[in-house]
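So the chains spell out like this:
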Amino acid sequence: PDDYSKPEQFFSRTCFTRALREHAGMVLRRLKGETTNTAPVMTLITQFGGGKTHTLAALYHIARNGEKALGLPGVADLVSESGIKTVPEAKVGIFVGNAWDPREGRETPWIDLAWQLAGETGVKELGAAAKTTPPGTEALGRVFAAANAPVLLLFDEVLNFLNRHRNLSEPFYAFLQNLTVATTGATRGAAVISLPRSQVEMT
């Protein structure tokens with residue numbers, strides 16, 4: 001809907017909570033290459049309706065728009081509070097577990113993300129085995145380098161994906177582990193993964 005897809009409309013209806021400001025500040029500093037008071041990988045764990053998707057959407061719009069994001073409602077103050085002077089424009093890879101399904105050319109989540117970040121070059125960096133085997137940290141590092149920009153990875157509805165694609169659950173878990181290590185080693189990279197807190201959603 002427009003309230004989410006149009007950044008001007010999205011931010012005009014956004015409440016900049018302390019959690020949103022803190023998360024955005026850490027991500028933006030990380031994308032700028034700063035390591036003080038930042039985390040390469042963050043998990044958003046809240047109850048249903050706790051703002052996980054809203055936070056991911058805010059990060060998406062800011063990172064995709066770079067300096068232009070400063071003209072969006074409330075973003076200039078958020079950036080100023082984060083302690084940086086410019087907004088890094090990043091390549092953003094998105095994984096939405098309740099929407100993702102394999103298709104030709106994007107047979108696995110890691111192939112899909114490599115394509116989003118660096119197109120065919122990114123997919124080639126994973127190697128031929130990527131259709132069945134999750135990539136190691138070195139291959140993921142090559143994908144980040146091929147993006148030729150700061151890299152932001154946003155994961156939503158991960159558990160929904162695991163419930164629907166049980167055959168991919170172990171490879172996906174290995175992928176997330178390797179992604180955590182690769183992102184930690186990246187100079188300008190961050191990953192944000194949302195998980196539900198409630199027992200009902202978890203099961």
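Just so it is clear, the structure is predicted and the values come from calculations on it, not from any experiment.

Engineer: Would you mind going over the overall build of the protein chain with me for this structure?
Structural biologist: The number of helices and strands found in the protein chain is 10 helices and 4 strands. Put simply, the protein chain runs from its N terminus to its C terminus through helices and strands in the order α-α-α-β-α-α-β-α-α-β-α-α-β-α. Taking the principal axes of the C-alpha coordinates as reference, the protein chain spans close to 45 × 40 × 30 Å. Relative to its 203 residues, the protein chain shows a buried fraction of 44%. In the form shown here, the protein chain has an accessible surface area of approximately 10,300 Å², with 51% of it arising from carbon and sulfur atoms. Within the protein chain, the 20 negative side-chain charges are centred at a point lying 3 Å from the centre of the 21 positive side-chain charges.

Engineer: So what exactly am I meant to see when it comes to the environment of alanine 76 here?
Structural biologist: Structurally, alanine 76 is set in helix α5 (residues 75–82). Here the alpha-carbon distance between alanine 76 and alanine 146, two residues 70 residues apart in the chain, equals 30 Å.

Engineer: Can you walk me through the nonpolar core in this structure?
Structural biologist: General note: in soluble globular proteins, nonpolar side chains tend to be found buried as a group. Membership of the largest hydrophobic core comes to 30 residues, with the highest contact counts inside it found for Phe11, Val27, Ile62, Leu152 and Val192. Secondary structure elements with two or more residues in this core: α2 (7–12), α3 (18–31), β1 (41–46), α4 (52–65), α5, β3 (151–156) and β4 (189–196). Setting aside residues no more than four positions away along its own chain, isoleucine 62 makes contact with Phe11, Leu28, Ala69, Val75, Leu78 and Val87. Core analysis: the next-biggest nonpolar cluster, separate from the first, contains 28 residues, Leu126, Val151, Val158 and Leu179 among them.

Engineer: Would you explain helix α7 (residues 137–147) in this entry?
Structural biologist: Helical periodicity: at 3.6 residues per turn, an α-helix aligns residues three or four positions apart in one direction. Buried within α7 we find Ala139, Leu140, Val143, Phe144 and Ala147. The buried side chains of α7 occupy one side of the element, clustering within an arc of 145 degrees when seen end-on. Away from the buried face of α7 by more than 90 degrees, exposed residues Glu138 and Ala145 are located. Its buried side turned inward, α7 meets β2 (91–96), α6 (109–126), β3 and α9 (169–185).

Engineer: How should the packing of aromatic side chains be read in this particular structure?
Structural biologist: Note on aromatic pairs: each is described by the distance of the centres and the angle between the planes. For the coordinates displayed, the defined rule picks out 12 aromatic pairs. Connected via pairs of aromatic rings, a cluster forms that spans Phe95, Trp100, Trp110, Phe155, Phe161, Phe172 and Phe175.

Engineer: Is there a simple way to explain the side chain of arginine 29 in this structure?
Structural biologist: Following the sequence through the fold, arginine 29 ends up in helix α3. Not counting chain neighbours up to four residues away, the residues in contact with arginine 29 comprise Glu34, Thr36, Asn37, Thr38, Ser82 and Ile84.

Engineer: Could you clarify how one ought to interpret the side chain of serine 194 in this entry?
Structural biologist: Within the fold, serine 194 resides in strand β4. With relative accessibility at 2%, the residue serine 194 sits in the buried group. Engagement of the side chain of serine 194 in a polar contact is seen with the side chain of aspartate 156, the distance being 2.5 Å. Setting aside anything within four residues of it in sequence, one finds serine 194 in contact with Leu44, Lys52, Leu56, Phe155, Asp156, Glu157 and Val158.

Engineer: Quick question: what am I supposed to make of α3 here?
Structural biologist: Helix length check: α3, at 14 residues, gives a terminal C-alpha distance of 20 Å against a target of 20 Å (1.5 Å per residue), a fit within 8%. Among all positions in α3, only Leu20, His23, Ala24, Gly25, Val27, Leu28, Arg29, Arg30 and Leu31 are buried. At the C-terminal side of α3, glycine 33 shows a positive phi close to 95 degrees.

Engineer: Can you help me understand the packing of α7 against α9 in this one?
Structural biologist: Helix packing for two helices is described by the angle between their axes and how far apart those axes are. Direction vectors running N to C along α7 and α9 enclose 55 degrees, while the axes themselves pass 9 Å from each other. It follows from the interaxial angle that α7 and α9 lie oblique. Judged by the sense of rotation from one axis to the other, the crossing of α7 with α9 is right-handed. The segment α7 lies against α9, with Thr137, Leu140 and Phe144 engaging Phe175, Asn178, Leu179, Val181, Ala182 and Thr183. In terms of residue class, the contact of α7 with α9 is made up of 6 nonpolar, 3 polar and no charged.

Engineer: Looking at this structure, how should I read unusual backbone geometry?
Structural biologist: Of all residues except glycine, most have a negative phi; of all peptide bonds, most are trans. For asparagine 148, which is not glycine, the phi torsion reads 55 degrees and is therefore positive. Turning to its location among the elements, asparagine 148 is positioned in the loop between α7 and β3. One non-glycine residue with positive phi stands out, namely glutamate 157, at about 55 degrees. Along the polypeptide, glutamate 157 turns up in the loop between β3 and α8 (158–164).

Analysis parameters
- Residues numbered from 1 in each chain as written.
- Predicted model: local features only at pLDDT ≥ 70, side-chain atom pairs only at ≥ 80, totals over all residues.
- Heavy atoms only, no water.
- Helix = DSSP H or I, 4+ residues; strand = E, 2+ residues; numbered from the N terminus.
- Buried < 20%, exposed > 50% of the residue type's maximum accessible area, 1.4 Å probe, protein only.
- Areas by Shrake-Rupley, 256 points an atom, 1.4 Å probe, with all protein chains shown as cover.
- Lys, Arg positive; Asp, Glu negative; His and termini not counted.
- Charge placed at Lys NZ, Arg CZ, Asp CG, Glu CD.
- Core = buried A, V, L, I, M, F, W, Y, C linked by side-chain atoms within 4.5 Å.
- Contact = heavy atoms within 4.5 Å.
- Arc of directions from axis to C-beta.
- Phe/Tyr/Trp six-rings, centres within 6.5 Å; stacked < 30°, edge-to-face > 60°.
- Polar contact = N/O pair within 3.5 Å; in protein donor to acceptor, adjacent residues only side chain to side chain.
- Expected span 1.5 Å × (residues − 1).
- Axes fitted to C-alpha atoms, helices over the stretch in contact; angles between N-to-C directions.
- Parallel < 35°, antiparallel > 145°, perpendicular 65-115°, else oblique.
- Left-handed = near helix turned anticlockwise from the far one by under 90°.
- Nonpolar A, V, L, I, M, F, W, Y, C, P; charged D, E, K, R; others polar.

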